Amino acid sequence: MARFKILKIVFSLLLVGILVVSIDFRKDVWTGICFTAFSILEILVLLGFSILSRALRWHFLMIEKSKNYSLRFFHSVKYLLIGSALNTLMPAGSGDIAKSYFGYRDTGIKEDMLAVSLFDKFIAIGSISILGLYSLYITENVIFLLAIVASLFPITLAYLAPKLEGTSLMKPLIDRFSNGNLDIRILLEGFQFGSRNILVGFTLSILGWILTYLLLFKCLQLINQSIHLTEVFINSPLLTLGRLFPFTLNGLGSDEALMVYLFSDTALSPDEIVIGAILYRIILTVLPAVLGVLFIIKSK
């Protein structure tokens, strides 16, 4: 595990180094960032509603599983922020799943807490396919079709796993990975949710991604007013899936490199794209992670 973390840091630094060496960063790009009181308010409102929509998605799923525990919405927001903090250290956004440990400490719910966090993550990834349909329709590029299939794979697997539990293929795997600390059978049972809550989860997830992509648009617009909202919505599904790449430190370096590639045909220059990506990272990941660290410290 320690070696893997070192590998992620090295790979992230390598990508950052390549970007720094290959791109000519002009001073006027930094000084040209147009912050106003209204733009800051817009960004904070988008970030706030994005966080609330994702927390509400997890909350609806958790309520279905924790009928014997009174879970307040505040707890759902708290665990989401803790997950944001853990994502800075864990690969492929897995901090969103590891946050279930803190929920388990508070509630005593183990397998269901983990199942909800996993299924919530699968819904978040799967809902990207809906937005990817727009990208596919506009561009007719087959890469978006592949992205749609890839994003639907985890939620499809989670749906089929409980139904295949007793098969000759799944049973040996379940027996092998079940132990005294975690019962895989209970975990798989936890993947069974009502269709209403799944639909609500997908709807909230799509809303959350739209708010997140609007946030990216606002960050890029602060750098260059010529960027179009359509260009952001077309490329963002691939950017989101690219963040799941597990060999960098929370997408550091890979996010920026992918943005340079995806937005190369827009009015943005490479240095404007990288600076916009940095601003987007600070707002979307660093600010929630700081709040999450405070909750982690408070929970000892």
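What you see is a predicted model; the values in this text were computed from it and never measured.

Peer 1: Could you clarify how one ought to interpret the packing of aromatic side chains in this entry?
Peer 2: For any pair of aromatic rings, the description rests on two quantities: the centre-to-centre distance and the angle between the ring planes. Taken as a whole, this structure holds six aromatic pairs when the rule is applied. Where tryptophan 58 meets tyrosine 79, the ring centres are 5.7 Å apart and the plane angle is 70 degrees; that geometry is what we call edge-to-face. Taken together, the residues span a long stretch of sequence, with tryptophan 58 in helix H3 (residues 37-65) and tyrosine 79 in helix H4 (residues 73-87) at a distance of 21 residues. Per residue, the accessibility class of tryptophan 58 equals that of tyrosine 79, and both read buried. On the numbers, 5.9 Å between centres and 70 degrees between planes, the contact of phenylalanine 74 with phenylalanine 295 is edge-to-face. On the criterion of sequence distance, the pair formed by phenylalanine 74 in helix H4 and phenylalanine 295 in helix H15 (residues 270-298) is long-range, its members being 221 residues apart. Here phenylalanine 295 falls in the buried class, since its relative accessible area comes to 19%.

Peer 1: What's the story with the nonpolar core in this structure? I'm lost.
Peer 2: Note on soluble globular proteins: their nonpolar side chains tend to be buried together. In terms of nonpolar packing, the biggest core is built from 73 residues, with Phe119, Phe191, Leu215, Leu216, Leu220, Met259 and Phe263 touching the most fellow members. Top element by residues in this core is helix H12 (residues 195-223). It accounts for 11 residues.

Peer 1: So what exactly am I meant to see when it comes to a nonpolar patch on the surface here?
Peer 2: On the surface, Phe35, Ile40, Leu44, Ile278, Ile282, Val286, Leu287, Val290, Leu291, Val293, Leu294 and Ile297 cluster together to form a nonpolar patch covering roughly 1,000 Å² of accessible area. Where the nonpolar patch is concerned, the elements lending two or more residues are H3 and H15. For isoleucine 282, a relative accessible area of 41% puts it in the partly exposed group.

Peer 1: I'm lost on the side chain of threonine 285 in this one. Help?
Peer 2: Summarising the element assignment, threonine 285 is placed in helix H15. Take threonine 285: its relative accessible area is 13%, and that puts it in the buried class. A polar contact of 2.5 Å, which involves the side chain of threonine 285, links it to the backbone oxygen of arginine 281.

Peer 1: Teacher, can you tell me more about the pattern of salt bridges here?
Peer 2: Close approach of charged atoms allows side chains with opposite charge to pair. In this structure the tally under the stated criterion is four salt bridges. The partner of aspartate 120 in a salt bridge is arginine 57, and the shortest N-O contact between them spans 2.6 Å. A residue pair is termed long-range when its members are at least 10 positions apart, and aspartate 120 in helix H7 (residues 111-126) and arginine 57 in helix H3 qualify at 63 residues. The exposure class assigned to aspartate 120 is buried, which follows from its relative accessible area of 4%. The salt bridge involving lysine 121 is made with aspartate 96; its shortest N-O contact spans 2.8 Å. Taken as a pair, lysine 121 in helix H7 and aspartate 96 in helix H5 (residues 95-98) lie far apart in primary sequence, 25 residues in all. Using a relative accessible area of 13% as the deciding quantity, one classes lysine 121 as buried.

Peer 1: Just to check I follow, could you spell out unusual backbone geometry for this structure?
Peer 2: Negative phi is the rule for most residues except glycine; trans is the rule for most peptide bonds. The phi dihedral of glutamate 140 is positive, around 55 degrees, even though this residue is not glycine. Checked against the element boundaries, glutamate 140 lands in the loop between helix H8 (128-139) and helix H9 (142-160).

Cut-off values and rules
Residues numbered from 1 in each chain as written. Predicted model: local features only at pLDDT ≥ 70, side-chain atom pairs only at ≥ 80, totals over all residues. Heavy atoms only, no water. Phe/Tyr/Trp six-rings, centres within 6.5 Å; stacked < 30°, edge-to-face > 60°. Helix = DSSP H or I, 4+ residues; strand = E, 2+ residues; numbered from the N terminus. Buried < 20%, exposed > 50% of the residue type's maximum accessible area, 1.4 Å probe, protein only. Core = buried A, V, L, I, M, F, W, Y, C linked by side-chain atoms within 4.5 Å. Patch = residues over 30% accessible without salt bridge, like charges linked within 9 Å, V, L, I, M, F, W, Y side chains within 5 Å. Areas by Shrake-Rupley, 256 points an atom, 1.4 Å probe, with all protein chains shown as cover. Salt bridge = Lys/Arg side-chain N within 4 Å of Asp/Glu carboxyl O. Polar contact = N/O pair within 3.5 Å; in protein donor to acceptor, adjacent residues only side chain to side chain.

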